[in-house]
Amino acid sequence: MNAGEFKYSSIADIPEDKLVERLLSDPIWAAEKFELYGNPQRTLKKTRVPLQNGFHGDADIILFSPEHPDQAVAFEVKRIKFGVSALRPGGRPNKVHEYKKAIEQANRLHEVGFWKVYLYAITVVDAREQNASKLNSGKLVFDGLSMQLRSLLDSVVNTDGLNADVGLCDLDFTQTMDDEPFASGTGGLRLVRRSTEQPQTQELTKWVSGVFSK
(Lines give C-alpha, C1' and ligand atoms only; values in the text may rest on other atoms or scores of the structure.)
Protein backbone atom coordinates (compact mmCIF):
# COMPACT_ATOMS: atom_id res chain seq x y z
CA MET A 1 0.00 0.00 0.00
CA ASN A 2 1.35 3.43 -0.91
CA ALA A 3 0.25 6.93 0.09
CA GLY A 4 -2.21 7.22 -2.79
CA GLU A 5 -4.17 4.18 -1.63
CA PHE A 6 -5.00 5.38 1.86
CA LYS A 7 -8.62 6.04 2.72
CA TYR A 8 -7.98 8.60 5.43
CA SER A 9 -5.98 11.82 5.51
CA SER A 10 -2.50 11.99 6.97
CA ILE A 11 -1.82 13.32 10.44
CA ALA A 12 1.27 14.96 8.93
CA ASP A 13 -0.92 17.11 6.66
CA ILE A 14 -2.74 18.88 9.50
CA PRO A 15 -1.52 22.51 9.61
CA GLU A 16 0.13 23.63 12.84
CA ASP A 17 -2.68 25.96 13.93
CA LYS A 18 -5.32 23.28 13.26
CA LEU A 19 -3.23 20.76 15.17
CA VAL A 20 -3.15 23.05 18.20
CA GLU A 21 -6.90 23.64 17.96
CA ARG A 22 -7.49 19.88 17.80
CA LEU A 23 -5.47 19.24 20.95
CA LEU A 24 -7.13 22.04 22.90
CA SER A 25 -10.64 21.05 21.77
CA ASP A 26 -10.38 17.83 23.76
CA PRO A 27 -10.88 18.70 27.46
CA ILE A 28 -8.86 15.73 28.65
CA TRP A 29 -5.93 16.37 26.32
CA ALA A 30 -6.04 20.11 27.02
CA ALA A 31 -5.70 19.44 30.75
CA GLU A 32 -3.26 16.53 30.64
CA LYS A 33 -0.88 17.96 28.05
CA PHE A 34 -0.90 21.67 28.87
CA GLU A 35 -1.98 22.11 32.49
CA LEU A 36 1.21 20.54 33.76
CA TYR A 37 2.04 20.22 37.42
CA GLY A 38 2.64 23.72 38.80
CA ASN A 39 0.48 25.41 36.16
CA PRO A 40 -2.96 26.80 37.01
CA GLN A 41 -5.74 24.25 36.55
CA ARG A 42 -9.10 24.58 34.75
CA THR A 43 -7.81 27.49 32.72
CA LEU A 44 -9.24 29.45 29.84
CA LYS A 45 -7.24 29.09 26.65
CA LYS A 46 -6.67 31.26 23.61
CA THR A 47 -4.56 30.62 20.53
CA ARG A 48 -2.51 32.85 18.23
CA VAL A 49 -2.67 35.94 20.45
CA PRO A 50 -0.77 38.93 18.96
CA LEU A 51 1.79 40.38 21.36
CA GLN A 52 1.76 43.94 22.70
CA ASN A 53 4.16 46.81 23.45
CA GLY A 54 6.27 46.59 20.32
CA PHE A 55 6.90 42.84 20.49
CA HIS A 56 6.48 41.14 17.12
CA GLY A 57 4.75 37.81 16.61
CA ASP A 58 2.21 36.10 18.79
CA ALA A 59 1.74 33.55 21.54
CA ASP A 60 0.56 30.29 20.03
CA ILE A 61 -1.31 29.47 23.25
CA ILE A 62 -2.03 31.38 26.46
CA LEU A 63 -3.45 29.68 29.53
CA PHE A 64 -5.30 32.06 31.85
CA SER A 65 -6.90 31.50 35.24
CA PRO A 66 -9.38 34.23 36.33
CA GLU A 67 -8.54 33.25 39.91
CA HIS A 68 -4.84 33.85 39.27
CA PRO A 69 -4.59 36.48 36.51
CA ASP A 70 -0.94 37.16 37.36
CA GLN A 71 -0.03 33.57 36.45
CA ALA A 72 -0.50 33.46 32.68
CA VAL A 73 1.34 30.68 30.86
CA ALA A 74 2.43 31.26 27.26
CA PHE A 75 3.39 28.56 24.75
CA GLU A 76 5.40 28.56 21.56
CA VAL A 77 4.51 25.54 19.42
CA LYS A 78 6.61 23.99 16.67
CA ARG A 79 5.23 21.11 14.64
CA ILE A 80 7.75 18.63 13.26
CA LYS A 81 6.23 16.26 10.76
CA PHE A 82 7.28 12.89 9.42
CA GLY A 83 5.12 12.20 6.39
CA VAL A 84 5.08 8.87 4.55
CA SER A 85 8.20 9.67 2.54
CA ALA A 86 10.16 10.72 5.65
CA LEU A 87 10.03 7.14 6.95
CA ARG A 88 11.41 5.65 3.76
CA PRO A 89 15.16 4.95 3.47
CA GLY A 90 17.06 8.22 3.45
CA GLY A 91 14.00 10.21 4.51
CA ARG A 92 14.08 13.21 6.84
CA PRO A 93 11.44 15.09 8.80
CA ASN A 94 9.88 18.30 7.57
CA LYS A 95 10.12 21.63 9.44
CA VAL A 96 12.93 20.41 11.70
CA HIS A 97 15.14 23.27 10.49
CA GLU A 98 12.62 25.77 11.91
CA TYR A 99 13.19 24.63 15.48
CA LYS A 100 15.85 27.30 16.07
CA LYS A 101 13.33 29.98 15.13
CA ALA A 102 10.90 28.47 17.65
CA ILE A 103 13.58 28.83 20.35
CA GLU A 104 13.92 32.52 19.49
CA GLN A 105 10.16 33.01 19.68
CA ALA A 106 9.91 31.19 23.02
CA ASN A 107 12.70 33.38 24.40
CA ARG A 108 10.75 36.42 23.21
CA LEU A 109 7.68 35.27 25.16
CA HIS A 110 9.85 35.13 28.27
CA GLU A 111 11.09 38.64 27.53
CA VAL A 112 7.48 39.82 27.25
CA GLY A 113 7.16 38.75 30.88
CA PHE A 114 4.65 35.92 31.09
CA TRP A 115 4.62 34.12 34.44
CA LYS A 116 5.73 30.92 32.74
CA VAL A 117 6.74 30.07 29.18
CA TYR A 118 6.94 26.70 27.44
CA LEU A 119 8.24 25.58 24.08
CA TYR A 120 6.26 22.60 22.76
CA ALA A 121 7.72 20.48 19.98
CA ILE A 122 4.81 18.47 18.57
CA THR A 123 5.98 15.59 16.38
CA VAL A 124 3.43 13.97 14.07
CA VAL A 125 4.31 10.73 12.27
CA ASP A 126 2.49 9.02 9.42
CA ALA A 127 3.65 5.40 9.73
CA ARG A 128 0.85 3.79 7.73
CA GLU A 129 2.94 2.80 4.74
CA GLN A 130 5.75 1.21 6.75
CA ASN A 131 3.21 -0.78 8.79
CA ALA A 132 0.94 -1.76 5.89
CA SER A 133 2.43 -5.21 5.15
CA LYS A 134 2.13 -6.31 8.78
CA LEU A 135 -1.40 -4.95 9.07
CA ASN A 136 -2.45 -6.66 5.84
CA SER A 137 -1.30 -9.98 7.31
CA GLY A 138 -3.67 -9.52 10.22
CA LYS A 139 -1.19 -8.26 12.79
CA LEU A 140 -1.75 -5.23 14.98
CA VAL A 141 1.33 -3.06 14.84
CA PHE A 142 2.12 0.29 16.40
CA ASP A 143 5.60 0.94 15.04
CA GLY A 144 6.64 4.56 14.58
CA LEU A 145 10.01 6.22 14.18
CA SER A 146 13.10 4.10 13.78
CA MET A 147 15.88 4.48 16.33
CA GLN A 148 17.86 6.43 13.73
CA LEU A 149 15.08 8.95 13.12
CA ARG A 150 14.34 9.22 16.83
CA SER A 151 18.01 9.94 17.44
CA LEU A 152 17.93 12.62 14.76
CA LEU A 153 14.88 14.21 16.36
CA ASP A 154 16.43 14.14 19.83
CA SER A 155 19.56 15.83 18.49
CA VAL A 156 17.43 18.77 17.36
CA VAL A 157 14.74 19.06 20.06
CA ASN A 158 16.79 20.15 23.05
CA THR A 159 17.35 23.18 25.28
CA ASP A 160 20.39 24.58 23.44
CA GLY A 161 19.86 28.33 23.08
CA LEU A 162 16.65 28.27 25.11
CA ASN A 163 16.37 30.70 28.02
CA ALA A 164 17.03 28.78 31.23
CA ASP A 165 13.58 29.74 32.60
CA VAL A 166 11.68 28.45 29.55
CA GLY A 167 10.34 24.92 29.78
CA LEU A 168 10.52 22.36 26.98
CA CYS A 169 8.02 19.61 26.27
CA ASP A 170 8.01 17.04 23.47
CA LEU A 171 4.63 15.71 22.34
CA ASP A 172 4.38 12.97 19.74
CA PHE A 173 1.49 11.42 17.84
CA THR A 174 1.89 8.51 15.42
CA GLN A 175 -0.75 7.40 12.91
CA THR A 176 0.07 3.71 12.79
CA MET A 177 -2.78 2.43 10.62
CA ASP A 178 -5.20 3.75 8.01
CA ASP A 179 -7.66 5.45 10.31
CA GLU A 180 -8.66 9.03 11.05
CA PRO A 181 -5.81 11.01 12.63
CA PHE A 182 -5.90 10.58 16.44
CA ALA A 183 -8.60 7.88 16.21
CA SER A 184 -5.98 5.18 16.74
CA GLY A 185 -2.22 4.97 16.97
CA THR A 186 0.15 6.07 19.67
CA GLY A 187 1.01 9.26 21.48
CA GLY A 188 3.17 10.45 24.30
CA LEU A 189 4.47 13.39 26.31
CA ARG A 190 8.06 13.91 27.41
CA LEU A 191 8.70 16.81 29.72
CA VAL A 192 12.31 17.75 29.04
CA ARG A 193 12.42 20.73 31.41
CA ARG A 194 9.88 22.54 33.55
CA SER A 195 9.39 26.26 33.20
CA THR A 196 10.62 28.49 36.01
CA GLU A 197 8.16 31.17 37.03
CA GLN A 198 8.98 34.86 36.97
CA PRO A 199 7.02 37.79 38.48
CA GLN A 200 4.41 38.98 35.99
CA THR A 201 4.01 42.74 35.83
CA GLN A 202 0.72 44.45 36.57
CA GLU A 203 0.76 45.90 33.06
CA LEU A 204 0.99 42.46 31.44
CA THR A 205 -1.59 41.02 33.83
CA LYS A 206 -4.01 43.81 32.90
CA TRP A 207 -3.42 43.18 29.19
CA VAL A 208 -3.90 39.40 29.44
CA SER A 209 -7.06 39.89 31.51
CA GLY A 210 -8.37 42.21 28.79
CA VAL A 211 -7.61 39.65 26.07
CA PHE A 212 -9.69 37.03 27.90
CA SER A 213 -12.54 39.43 28.67
CA LYS A 214 -13.34 39.82 24.96
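In this report, the structure presented in the accompanying data block is examined. (Residues numbered from 1 in each chain as written. Predicted model: local features only at pLDDT ≥ 70, side-chain atom pairs only at ≥ 80, totals over all residues. Heavy atoms only, no water.)

1. Section: the nonpolar core
In this structure, Ile62, Phe82, Leu87, Phe114, Leu119 and Val208 are the most contacted members of the largest nonpolar core, which totals 36 residues. Contributing elements (two or more residues each) for this core: strand E2 (58–65), strand E3 (68–82), helix H3 (99–112), strand E4 (116–126), helix H5 (147–156) and helix H6 (202–213). Per-element tally for this core: the top contributor is H3, with six residues. Those residues within four positions of Phe114 in sequence are excluded, and the remaining contacts are Leu51, Ile62, Ala72, Ala74, Leu109, Gln198, Gln200, Leu204, Trp207 and Val208. Judged by nonpolar contacts, the second largest core, of 24 residues, contains Phe34, Tyr118, Ile122 and Cys169. (Core = buried A, V, L, I, M, F, W, Y, C linked by side-chain atoms within 4.5 Å. Buried < 20%, exposed > 50% of the residue type's maximum accessible area, 1.4 Å probe, protein only. Helix = DSSP H or I, 4+ residues; strand = E, 2+ residues; numbered from the N terminus. Contact = heavy atoms within 4.5 Å.)

2. Focus on the pattern of salt bridges
All told, the structure shown has 12 salt bridges when counted by the stated rule. Two residues, Lys78 and Glu16, come together in a salt bridge whose shortest N-O distance is 3.8 Å. Separated by 62 residues along the polypeptide, Lys78 in strand E3 and Glu16 in helix H1 (residues 16–25) bring together distant segments of the chain. Overall, the relative accessible area of 9% leaves Lys78 in the buried class. Of the charged contacts in the structure, one is a salt bridge between Glu21 and Lys18, with a shortest N-O distance of 3.9 Å. Of this pair, Glu21 and Lys18 both sit in helix H1, three residues apart, which is roughly one turn of the helix. (Salt bridge = Lys/Arg side-chain N within 4 Å of Asp/Glu carboxyl O.)

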